[in-house]
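Single-letter residue listing:
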Amino acid sequence: MNKKIFLIFPFIFQCLTAGIPEGYTLTDIKLPKGAVSVLGVCNKDKDTMAICSWEGEVWEYKGGQWTKFAENLMEPNGIYYEKETDSYYVSQKPELTRIKDLDGDGVADLYENVTSRFGNSLDYHEFHFGPVADSLGRKFATLNTAARVGFNVPDGSDRGPKMCYAADYRGWIYRSDRQGHFKPIASGLRS
């Protein structure tokens, strides 16, 4: 027991005394009411930060105030703001979605499926991470494989959860352009 405390103390001390690099500040921001798990963060501009939450919402933070921008998303695991189209791209479990405020009231009016070509079997583990973008505006994201519980093997035994490819392109990295053209580019991943 004493050894564990001894080993943890230097780590805690280092974290508490670590300096903040020059040019940076540390600010505590309380999450908006109802947002429990933040799964993606991006900056819209120098004054506005956005998050997507496990609860299926996109929130914008500006001037110390949270406003709900979008809702009813399915487990979004990433968000990217594209200045050229004034749109958020959100990686929901079943699709890459472009979200935009068309009438300027601060609430999303457009939810556009950019691509869902990769498939979804509704397995709980088929997460969709990303997107990130390159200089041409193409979005890149990764697709988790499924985790089947009680997976039966040929000898009739049940060997527990197995990672598997239950839908097209799970375990891949893909690229999609603004028009939604889907291109798988690397395979063999779990997440």
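Predicted model only: the values in this text are computed from it and were never measured. (Residues numbered from 1 in each chain as written. Predicted model: local features only at pLDDT ≥ 70, side-chain atom pairs only at ≥ 80, totals over all residues. Heavy atoms only, no water.)

J.: Would you mind going over the overall build of the protein in detail, with residue names and values included?
T.: Helix and strand content of the protein: one helix and 14 strands. Taking all 191 residues of the protein together, 38% fall into the buried category. Contacts spanning at least 24 positions in sequence make up 42% of the contacts within the protein whose residues lie at least 6 apart. If you sum the accessible surface of the protein, you get close to 11800 Å²; carbon and sulfur atoms cover 56% of it. (Helix = DSSP H or I, 4+ residues; strand = E, 2+ residues; numbered from the N terminus. Buried < 20%, exposed > 50% of the residue type's maximum accessible area, 1.4 Å probe, protein only. Contact = heavy atoms within 4.5 Å. Areas by Shrake-Rupley, 256 points an atom, 1.4 Å probe, with all protein chains shown as cover.)

J.: Explain the environment of Arg-98 residue by residue, including any values.
T.: Relative to the helices and strands, Arg-98 is located in strand β7 (residues 96-100). Through-space distance from the C-alpha of Arg-98 to that of Thr-85 is 9.6 Å; in sequence the pair is 13 residues apart. If near-sequence neighbours (up to four positions away) are discounted, Arg-98 is found in contact with Thr-85, Ser-87, Tyr-88, Tyr-89, Leu-110, Tyr-111, Glu-112 and Val-114. There is a polar contact of 2.9 Å between the side chain of Arg-98 and the side chain of Ser-87. Within the local environment of Arg-98, its side chain forms a polar contact with the side chain of Glu-112, the two groups lying 2.7 Å apart. (Polar contact = N/O pair within 3.5 Å; in protein donor to acceptor, adjacent residues only side chain to side chain.)

J.: So what's going on with the sheet that holds β7? Which residues, and what values?
T.: Taken in spatial order, the four strands make up an open sheet running β5-β6-β7-β8, and their pairing is antiparallel. The open sheet terminates on both sides in strands that have one partner only, identified here as β5 (79-82) and β8 (110-115). Across this sheet, the average inter-strand angle for adjacent strands is 25°, counted without regard to direction. As judged from the four bridges shared by β5 and strand β6 (residues 87-91), these two strands associate in the antiparallel manner. Looking across to β6, one finds that Glu-82 is bridged to Ser-87. (Pairing = 2+ DSSP bridges. Axes fitted to C-alpha atoms, helices over the stretch in contact; angles between N-to-C directions.)

J.: Lay out the side chain of Lys-93 with the relevant residues and their values.
T.: Locating Lys-93 in the fold gives a position in the loop between β6 and β7. The exposure class of Lys-93 is buried, given its relative accessible area of 4%. Those residues within four positions of Lys-93 in sequence are excluded, and the remaining contacts are Met-74, Glu-75, Phe-118, Asn-120, Asp-123, Tyr-124, His-125, Glu-126, Phe-127, His-128 and Arg-170.

As far as function goes, none of this settles anything; it's purely spatial.
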